[in-house]
Amino acid sequence: VNTTLGLIEEYSQDKSKPFYLFLSFTTPHAGGVGTNGESGVPAPDVGNYTNSSWPDVERHFASVITKQDAHVGIVLEKLEDMGLSENTVVFYASDNGAHNEGGHNYMFFDSSGPLRGFKINVGVQ
């Protein structure tokens, strides 16, 4: 995110020139850190969810979602601070839906909302 903030600041110097910026997050992702494979949704800490009664994997999942939300907020705030928000389009999307690997249950937080299924289960009912 820090690199992105620096680029926004740099590009804001000449507001007459449009720019394209793509920021991709790898979280949340099962086994996304270290050598854990598909075991859990590892996070450096569980933040505000330390005392939650949720299973560990769901506390980690909530933690990375909360962290990602904060990072997106920081980027949007930077666009505002640099006077770019009025002439900027921001798209926020998932790569391919809620995941159900690593012990995370996509139904725990209703991750798919009104959509059916989860990542890698095309055609599976």
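Our subject is the structure listed above.
Residues numbered from 1 in each chain as written. Predicted model: local features only at pLDDT ≥ 70, side-chain atom pairs only at ≥ 80, totals over all residues. Heavy atoms only, no water.

## Thoughts on the pattern of salt bridges
Then comes step 1: According to the stated counting rule, one finds two salt bridges in the structure shown.
Then comes step 2: Put simply, D56 and R59 hold a salt bridge, and the shortest N to O gap is 2.1 Å. Taken as a pair, D56 and R59 lie in helix α2 (residues 56-81) at a separation of three residues, close to a single helical turn.
Then comes step 3: Judged by relative accessible area, D56 falls into the partly exposed class, the value being 48%. (Salt bridge = Lys/Arg side-chain N within 4 Å of Asp/Glu carboxyl O. Helix = DSSP H or I, 4+ residues; strand = E, 2+ residues; numbered from the N terminus. Buried < 20%, exposed > 50% of the residue type's maximum accessible area, 1.4 Å probe, protein only.)

## Re the environment of D95
Then comes step 1: Mapped onto the elements, D95 comes out in the segment after α2.
Then comes step 2: Judged by relative accessible area, D95 falls into the exposed class, the value being 64%.
Then comes step 3: Along the chain, D95 and K119 lie 24 residues apart, while their C-alpha atoms are 9.1 Å from each other.

## Focus on the nonpolar core
Then comes step 1: Counting residues in hydrophobic clusters, the biggest one holds six residues: L5, I8, V75, L79, M82 and L84.
Then comes step 2: For this core, the secondary structure elements donating two or more residues are α1 (2-11) and α2.
Then comes step 3: What L79 contacts, discounting residues up to four positions off in sequence, is I8, L84, S85, T88 and V90. (Core = buried A, V, L, I, M, F, W, Y, C linked by side-chain atoms within 4.5 Å. Contact = heavy atoms within 4.5 Å.)

## Quick notes on the environment of V72
Then comes step 1: With respect to the helices and strands, V72 occurs in helix α2.
Then comes step 2: On the basis of relative accessibility, which here comes to 19%, the residue V72 falls in the buried class.
Then comes step 3: Spatially, the C-alpha atoms of V72 and F25 are 9.9 Å apart, while their sequence positions differ by 47 residues.
Then comes step 4: V72 has contacts with F25 and Y92, leaving out every residue within four places of it along the chain.

## Quick word on the packing of aromatic side chains
Working definition: an aromatic ring pair is given by the centre-to-centre distance plus the angle between the planes.
Then comes step 1: All told, the structure shown has seven aromatic pairs when counted by the stated rule.
Then comes step 2: Their ring planes at 35° and their centres at 4.9 Å tell us that Y11 and F19 sit as a pair that is tilted.
Then comes step 3: For Y11, a relative accessible area of 34% puts it in the partly exposed group.
Then comes step 4: Ring centres of F61 and F109 lie 5.9 Å apart, and the angle between their planes is 15°; this geometry places the pair in the stacked category. Of this pair, F61 sits in helix α2 while F109 sits in the segment after α2; the two residues are 48 residues apart in sequence, bridging distant segments of the chain.
Then comes step 5: For F61, a relative accessible area of 8% gives the class buried.
Then comes step 6: By relative accessible area, F109 is classed as partly exposed at 30%.
Then comes step 7: By way of ring pairs, the aromatic residues Y49, W54, F61, F108 and F109 are connected into one cluster. (Phe/Tyr/Trp six-rings, centres within 6.5 Å; stacked < 30°, edge-to-face > 60°.)

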